[in-house]
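# Geometric and topological summary
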Amino acid sequence: MKIPQKFFARRHEIAADYLKELDKHLDDIVSGRVTEMFEVRDFADLIHVHPTHLSNTIKAATGHSPCFFFEERLMEISKSMLQNISTPIAEIARILTYDPSNFTKFFKHFSGQTPKQYREDYFKSLSNAEVITI
């Protein structure tokens, strides 16, 4: 039996809705409008589907779990925030709802280096780029 095309369209609609809500939530976290990180069930409630259905649908539509996109976006935000030397790493952790120790573990797991190492490497690369262009 062939699966009707409308089912594929709905799958992608759910995935798009999740990604839109994820970006909105993370923007709210960074701006301080929200202080608690959502879980998959919270996103499922927002888009009116069951959490298991949300996870399965996103996996089927994208090949990745909802957590993959969540973690990827958190890493992008973390790296961006670490590029501001005036914001302490502990403050970045707090903003992103982590305690500093868990933030360091999370960051190192996904980047292979600690937030401090990332920040140092980032500023070293900037100073090397300035030397090359002079």
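First, a word on what this report is: a plain description of the structure on this page. (Residues numbered from 1 in each chain as written. Predicted model: local features only at pLDDT ≥ 70, side-chain atom pairs only at ≥ 80, totals over all residues. Heavy atoms only, no water.)

Bringing the environment of alanine 93 into the picture now. Here alanine 93 is to be found in helix H5 (residues 89–95). Given the relative accessible area of 0%, alanine 93 is considered buried. Distance in space between the C-alpha atoms of alanine 93 and phenylalanine 103 is 5.6 Å, their sequence separation being ten residues. (Helix = DSSP H or I, 4+ residues; strand = E, 2+ residues; numbered from the N terminus. Buried < 20%, exposed > 50% of the residue type's maximum accessible area, 1.4 Å probe, protein only.)

Note that methionine 75 resides in helix H4 (residues 66–82). The class of methionine 75 is buried, set by a relative accessible area of 7%. Between the C-alpha atom of methionine 75 and that of phenylalanine 110, which follows or precedes it by 35 residues, the distance is 7.5 Å. In contact with methionine 75, other than residues within four places in its own chain, are Phe106, Phe107, Phe110 and Ser111. (Contact = heavy atoms within 4.5 Å.)

We now examine the packing of H4 against helix H6 (residues 100–111). Contact geometry for H4 and H6: axes closest at 11 Å, N-to-C directions at 110°. One finds that H4 runs roughly perpendicular with respect to H6. Two secondary-structure elements touch here, H4 through Glu71, Leu74, Met75, Ser78, Lys79 and Leu82 and H6 through Phe103, Phe106, Phe107, Phe110 and Ser111. Residues of the contact of H4 with H6, tallied by class, amount to seven nonpolar, two polar and two charged. (Axes fitted to C-alpha atoms, helices over the stretch in contact; angles between N-to-C directions. Parallel < 35°, antiparallel > 145°, perpendicular 65-115°, else oblique. Nonpolar A, V, L, I, M, F, W, Y, C, P; charged D, E, K, R; others polar.)

This brings us to the packing of aromatic side chains. This structure, assessed with the given rule, holds eleven aromatic pairs. For the ring pair tyrosine 18 and phenylalanine 43, a centre distance of 5.3 Å and an interplane angle of 80° mean the geometry is edge-to-face. With tyrosine 18 in helix H1 (residues 5–31) and phenylalanine 43 in helix H2 (residues 40–46), the pair connects residues that are 25 residues apart, well separated along the chain. Comparing tyrosine 18 with phenylalanine 43, the two get one shared label, buried. Measuring from ring centre to ring centre gives 5.2 Å for phenylalanine 68 and phenylalanine 69, while their planes differ by 85°; the resulting arrangement is edge-to-face. By relative accessible area, which is 31% here, phenylalanine 68 ends up partly exposed. What makes phenylalanine 69 buried here is its relative accessible area of 13%. One aromatic cluster in this structure is built from Tyr98, Phe103, Phe106, Phe107, Phe110, Tyr118, Tyr122 and Phe123. (Phe/Tyr/Trp six-rings, centres within 6.5 Å; stacked < 30°, edge-to-face > 60°.)

On to the pattern of salt bridges, then. Once their charged atoms are close, side chains differing in charge can pair, the charge on each being opposite to the other. In total, this model carries eight salt bridges according to the counting rule given. Note that arginine 10 is salt-bridged to glutamate 13, the shortest N-O span being 3.3 Å. Here arginine 10 pairs with glutamate 13, and both are found in helix H1, just three residues apart, close to one helical turn. Its relative accessible area of 35% is what places arginine 10 among the partly exposed residues. (Salt bridge = Lys/Arg side-chain N within 4 Å of Asp/Glu carboxyl O.)

All we've got here are geometric facts, nothing functional implied.
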